[in-house]
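One-letter residues, chain by chain:
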Amino acid sequence: MPCERKPIRYGHSEGHTDVCFDDEGRCIVTCGSDGDVRVWEGLDDDDPKSINVGEKAYAVALKSGKLVTAVSNNTVQIHTFPDGDPDGILTRFTTNANHVTFNFAGTRVAAGSSDFMVKVIEVMDSSQQKALRGHAAPVLSVAFDPTDEFLASSSCDGSVAVWSLENQTQVANWAVLQKSSDVSNAKSLCRLAWQPHSGQVLISVPVDTTIQLYERGSWTHVGTLSDDLLTQVVNVVVWSPCGKFLAMGSVGGDLAVWDIEAKLCIERQKHERGYTVCAMAWHPSGGQIAYTDTEGCLGLLDEVCVPSSASSSMQSSKLSTAASKESKDYDDLFDEDDGGVHVLDECVSDSRSPAKSAVMEDDDDLMPATSRPRNRGAFLDDDENSQDTASVKADGFVEEDGVGTVLSTAVPAVTRPAYDGPMPTPPQKAFQPGSTPGHLMHRFMVWNSVGIVRCYNDDQDNAIDVEFHNSAVHHAMHLTNTLEHRLADLSHEAVLLACEGTDEVASKLQCLHFSSWDTKKEWMVDLPKGEDIRAICLGQGWAAAATSSLFVRLFSIGGLQRELLSLPGPVICMAGHGEQLLIAYHRGTGFDGDQALGVQLLQLGRKKRQAIHGEPLPLSRKSYLVWMGFSAEGTPFCVDSEGIVRMLNRSLGNTWTPVCNIRESCKSRSDHYWVVGIHENPQQLRCIPCKGSRFPPTLPRPAVAILPFKLPLCHTSTEKGQMEEQYWRSVIFQNHFGFLSSSGYEVDEEKQKQMEKAQQELLMKMFALSCKLEREFHCMELAEMMTQSVVTLAIRYASRSRHMLLAQKLNELALEKASHLQEEEENEEEQEEEAAYCRTVQSVNPFSKGGRSPERPSLKAVSKESRVNPFKVSGAGRSTRSPAGQPRVANVLDTMTSRRPSLCSSIKQSKTAVLKPLAPKARSKTQATLLQMSAPKGAGKKQVENEVEKQTVQKLPATAGGGVESVRQKTGFQLWLEQNRKSILADRPDLEETEIIKEAMGRFRTLSADERLSWTERAKGMSGEVVDLKKRKRVDEEKKEVDVQLETNANDAKKRKPLDTSAKLSAFAFSKN
Amino acid sequence: MDPSEVEFLAEKETVKVIPNFSLDKIYLIGGDLGPFNPGLPVDVPVWLALNLKQRQKCRIVPPEWMDADKLEEIREQERKEDAFSPVPSCHYMELTKLLLNHAADDIPRADEIRTLVKDIWDTRIAKLRLSADRFVGQQEAHARLDNLTLMEINTTRDFLLDSLNSMHKLRANLQPGKSQDY
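Residues numbered from 1 in each chain as written. Chains lettered and ligands numbered in written order. Predicted model: local features only at pLDDT ≥ 70, side-chain atom pairs only at ≥ 80, totals over all residues. Heavy atoms only, no water.

**Student:** Help me understand the overall build of chain A in this model?
**Tutor:** Scanning chain A from terminus to terminus reveals 22 helices and 51 strands. Put simply, chain A has 1073 residues, and 54% of those count as buried. By sequence separation, contacts in chain A at least 24 residues apart represent 51% of the contacts at least 6 residues apart. Per element, the accessible surface of chain A, about 47,700 Å² overall, is 52% carbon and sulfur. (Helix = DSSP H or I, 4+ residues; strand = E, 2+ residues; numbered from the N terminus. Buried < 20%, exposed > 50% of the residue type's maximum accessible area, 1.4 Å probe, protein only. Contact = heavy atoms within 4.5 Å. Areas by Shrake-Rupley, 256 points an atom, 1.4 Å probe, with all protein chains shown as cover.)

**Student:** How should I be thinking about the interface of chain B and chain A in this particular structure?
**Tutor:** In many reports, interface size means the accessible area that the parts give up when they come together. Taken together, the contact pairs 10 residues of chain B with nine residues of chain A. Both faces considered, chain B and chain A share a buried interface measuring about 870 Å² in area, 55% of it formed by carbon and sulfur atoms. Area buried by chain B at its contact with chain A is led by N20, L40 and R59 of chain B, which between them contribute 50% of it. Connecting chain B to chain A are zero salt bridges. If you look at where chain B meets chain A, you find one residue pair in polar contact (both at pLDDT 80 or more). (Buried area = accessible area lost by both parts, 1.4 Å probe. Salt bridge = Lys/Arg side-chain N within 4 Å of Asp/Glu carboxyl O. Polar contact = N/O pair within 3.5 Å; in protein donor to acceptor, adjacent residues only side chain to side chain.)

**Student:** Please clarify how a nonpolar patch on the surface should be interpreted in this entry.
**Tutor:** Residue and element names in this part refer to chain B. A surface patch of nonpolar side chains, about 370 Å² in accessible area, is lined by M1, F8, L9 and L150. Tracing the sequence through the fold places F8 in helix α1 (residues 3-10). We classify F8 as exposed; its relative accessible area is 59%. (Patch = residues over 30% accessible without salt bridge, like charges linked within 9 Å, V, L, I, M, F, W, Y side chains within 5 Å.)

**Student:** Can you help me understand the nonpolar core in this one?
**Tutor:** By size, the foremost hydrophobic cluster in this structure holds 39 residues, and its most contacted members are V17, F36, I60, L71, Y92 and I113 of chain B. Take this core: its biggest share by element is eight residues, from helix α5 (residues 110-137) of chain B. With 26 residues, the next largest nonpolar core counts V731, L762, V790 and A798 of chain A among its residues. (Core = buried A, V, L, I, M, F, W, Y, C linked by side-chain atoms within 4.5 Å.)

**Student:** What should I look at first to understand the packing of aromatic side chains in this one?
**Tutor:** Working definition: an aromatic ring pair is given by the centre-to-centre distance plus the angle between the planes. Residue and element names in this part refer to chain A. Under the criterion given, the structure shown has 14 aromatic pairs over all chains. Each ring, one from F637 and one from F733, has its centre 6.4 Å from the other, and the planes form 35°; the classification is tilted. Placement of F637 in strand β46 (residues 636-640) and of F733 in the loop between α7 (719-732) and α8 (735-742) is noted, with a sequence separation of 96 residues between them. Judged by relative accessible area, which is 0%, F637 ranks as buried. The buried category is assigned to F733, whose relative accessible area is 0%. Seen from their ring centres, Y727 and W728 are 5.1 Å apart, and the 75° between their planes marks the pair as edge-to-face. Over the aromatic face of F739 sits the side chain of R650, whose NZ or CZ is 3.6 Å from the ring centroid. (Phe/Tyr/Trp six-rings, centres within 6.5 Å; stacked < 30°, edge-to-face > 60°. Lys NZ or Arg CZ within 6 Å of the ring centre and 35° of its normal.)

**Student:** Any chance you could explain the environment of K270 of chain A here in plain terms?
**Tutor:** Residue and element names in this part refer to chain A. As for its position among the elements, K270 is in strand β25 (residues 264-270). The class of K270 is partly exposed, set by a relative accessible area of 39%. C-alpha separation for the pair K270 and L255, spaced 15 residues apart in sequence, amounts to 5.6 Å. At 2.7 Å, the side chain of K270 forms a polar contact with the backbone oxygen of G252. A polar atom in the side chain of K270 sits 3.5 Å from the side chain of D254.

**Student:** Where do I start with the sheet that holds strand β14 (residues 139-144) of chain A in this structure?
**Tutor:** In any sheet, the strands associate via hydrogen bonds between backbone groups, in a parallel or an antiparallel arrangement. Residues and elements named next belong to chain A. Read across the open sheet, the four strands follow the order β14-β15-β16-β17; overall the sheet is antiparallel. Here the strands that pair on one side only, and so sit at the sheet edges, are β14 and β17 (169-175). Taking the axes of each pair of neighbouring strands and ignoring which way they run, one obtains an average angle of 20° across the sheet. Here five bridges tie strand β15 (residues 150-155) to strand β16 (residues 159-164), and the two strands are oriented antiparallel to one another. In the sheet register, L151 faces β16, and the bridge partner there is W163. (Pairing = 2+ DSSP bridges. Axes fitted to C-alpha atoms, helices over the stretch in contact; angles between N-to-C directions.)

**Student:** Explain the UniProt feature "repeat: WD" (unreviewed entry) in chain A here, please?
**Tutor:** Mapped onto the present numbering, the UniProt feature "repeat: WD" (unreviewed entry) falls at residues 9-41 and 132-173 of chain A. Spanning residues 9-41 of chain A, this segment combines 0% helix with 45% strand, and its end C-alpha atoms are found 14 Å apart. (UniProt positions renumbered as here; feature names shortened; annotations may be inferred.)

**Student:** Can you help me understand helix α6 (residues 150-174) of chain B in this one?
**Tutor:** Given 3.6 residues per turn, any residue in an α-helix points the same way as the ones three and four places further on. Between its first and last C-alpha, α6 of chain B extends 35 Å over 25 residues, near the 36 Å set by a 1.5 Å rise per residue. If you check which residues of α6 of chain B are buried, you get M151, E152, N154 and A172 of chain B. (Expected span 1.5 Å × (residues − 1).)

In structure tokens:
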């Protein structure tokens, strides 16, 4: 009957391990190179009890409540079992012991050491020691004879010796092993064993791939156990408690059991991963073999050579009831009516007896169980240096803080063996941004954009050095650190220091207010007993300290106590900038390596408010916060241990946007960048490159490097992706202008304009790219992001590259934008004082960017001579405003009337859009016609006329103000043309639109000067009339459109011409007629 | 050419400094410098770096090659090979001298570096003398020397050229027939 191999599970860190059962066989006891002894209540135990015995444990033996271990400080120690309290040192060697073992009665311990010696010690009286000298190399293993008469030992010198314990002499010596210089070089651990409870006692010695058997007393070789399938060197042999079976484990992970009478190999198993088996132990009642390997894993062979099936089944049923009981306990704990779980439990416990389902159940349990310690290990090992162990110590504050109790009650619950859900993450400890771990002797207490605070804590010196980047702020300071300050912050006004309290001394906050103008440059505050400072920060005119009582205490920079507030969870870190205070704290328990952090942002200025109300702080999976602070411009940033830099995006509802992945810039996996500061303008991520560590040493003095930001957008290898990234980065990094101006700071408007200009340039480039790729919809979307003046460029670009449909759509867009603009302008006028977040307004405000469009590089593509305003097409005349700007409140009527018609006209345009592509020859004309193509027919005609008229009659004194584009006045010629159009058409029905105008032009010139003058007069009068009409009633849409145009013309005229009053008068006269 | 002139030329090399003051870009004929942000490394010419250092306005970040380990490697390389091996900077001697004289406190293991650079210099000058000797001895018309720095050339030029001139005169006198010309 084959035995059942349970899946192995992780028990210790890599390295040599040892295993044994307790006397009753209830627990498996293992030790490993991590220096822990673990007590497993069965293989499924997810929370083995750990007893730390030293730095490394080489061997463990357990009998009658005494746990004997051989550890790396060259001692053999006793601990009580199961409590694990140290119970003294049994013996010492000059180097470490390799193997310890009890005799069968448990009264003596034998230990073999690398100093060639074997010692036998009485457990009760460790002064009675017998040293067995004779080996010429490190002793590999020792074994007591069942009757306590002899002791066998194997050694690296190649010999196996049997000693008489009475006179401490060798009674037999077989040189059967391979020689080696050290245990680490030995091919086999050669764990030998005596056969128990048997008339004829045999010693089994693993030799190469075989097991040699020697008879007790005669010391003759009586047999060899070997198997063709066992090709690896045998490491361990152990006898079953009944003495009938011999189990062995090999270097290659083979596990075999022999029936000694039949000399037959009755079991053959292979280690799941083929690791070297370095220890084995039989269950005291037989039936199970526990084994461990050199990778720290623990395995179990169940139902091995069951001597009587009854006992084993009893065994397993006992186990199963225990397991099911536990799982039920666990369910009760949560007190949920989760029927499903109960049913599952019952199924499991019922189906436990069939071996197969038991295995499956085991599997289920083991999956998370094995993964958990590994995760935790990874979490801690991940850190090349001890930052993590320092800052993320397992239950740092759970132990100390009252708050932790909630968590700590949850912890035992979830570590029940049956629990396979997510595991809680040890909460991250509080830290100061820009500081290196506190356990270092020389460390940075803070490195920020103001300066550096270093702390020396060695034998000669306990001091703090304060150094300023800018020596103009203050000269460097050297302080003796008598109070043992652990925390520091530095601003342009003060140095803030804090120490934790001890039993006698209260936690203190010390402030060196060097910018004070009086003579007292220092103040200190004692916190109430039992309250420790966890994090501190400085702002402008205030200081803050977060304490273990979950308070945030605010002080004025001079030392007055100010506001006091409670935090919802233990603080992690704080940062201050100007009037802003940013606090990160634990929001709850994170699971599976994640931290659950919350963040608050407070404004402490005159108008105090909370900008972020304790929202979750996003971090990468399985990471923790490593830096948090403000950019020089005052935007909150945070950096997690995965190197993701996040920035608070105030324009997107205070969300956090990832702006950089520092790890991408690292050359190797173990390199890191240590962030010291962030600037948004210019975009700089200032950090210190650290080779092979997370933080820099204080000496040699590290130099700051600058990393660029890069949004993690897709396709950044393509041109499009790059430009998108640049654009959005620029947009995000421009947010601070809005924030600063809204909170009353000065803003470098020139830089802001530069940035906006760069953004628009990028948009235009993207537009051009999309045009080239024939992605017109893209173009449209891009144009929506552009400012009005750039849209005009886009329209030109589109029309020149013959994207007519696009150009037309863009026209509509331009119109819309214009009307929006108008609306906003009005709003602005209405509530001038409300200047909040004026960035968006400014960016589209034509007044602020007068004459900018001509500088655009893309403009070069457009011919300079063309004065044509693409907006003419719209017919709405809004765009006719000269870029130089028009006095804002020229006429109340203007703003009131002109908006709505334009909207109507734009709607109408979309309805009646007609595309009339023309040959791109004669430039000026083409331009005109091209641009009017989308206008409704009637209006279009007028446009054209208007256009041509302008080109030809431009030098008329009335429009001489020209040179500036878009002087568009309904002229006499136009009126004339309207009336005479039909006659022209009748004469020459075959004419094209442009030709009609030419023709008309010719005829108009033939008119007498008087006639022409009267037409112009009429034209002027008409515009006046329109204004008048407006006052009274609405005309139909078509008419309105004309009106608007005329009205604006009139406005222009008013502005430019000194005779506009007379024009107005004449208009009245006309209307009366 | 005077060695001080060579040193003057070397002062045009750039070096990183960490200023402790704040200053906008400065526009000079030789190019724009800055902006200077306290605590942020910035590239400046050596002459400015030294000037700032003397006024305690900055810390100098030693050039990458000015590192004892790297120089040791270079020294070994130089000793191993017969020909001149490439040097880390074409003004290594001048820069070492300037920086070590004025900013030794900013350079870790300054004394070692001084010795190493002197060793390298000595090795190279010895090689140069040797090759000059061979050149003269074999009465060659031309020779090729790679990887020499300006300072090294400068040390040997005056003497070598003068002596070659004198020898030429002497040899010209030795040749029969021509002696009558004088």
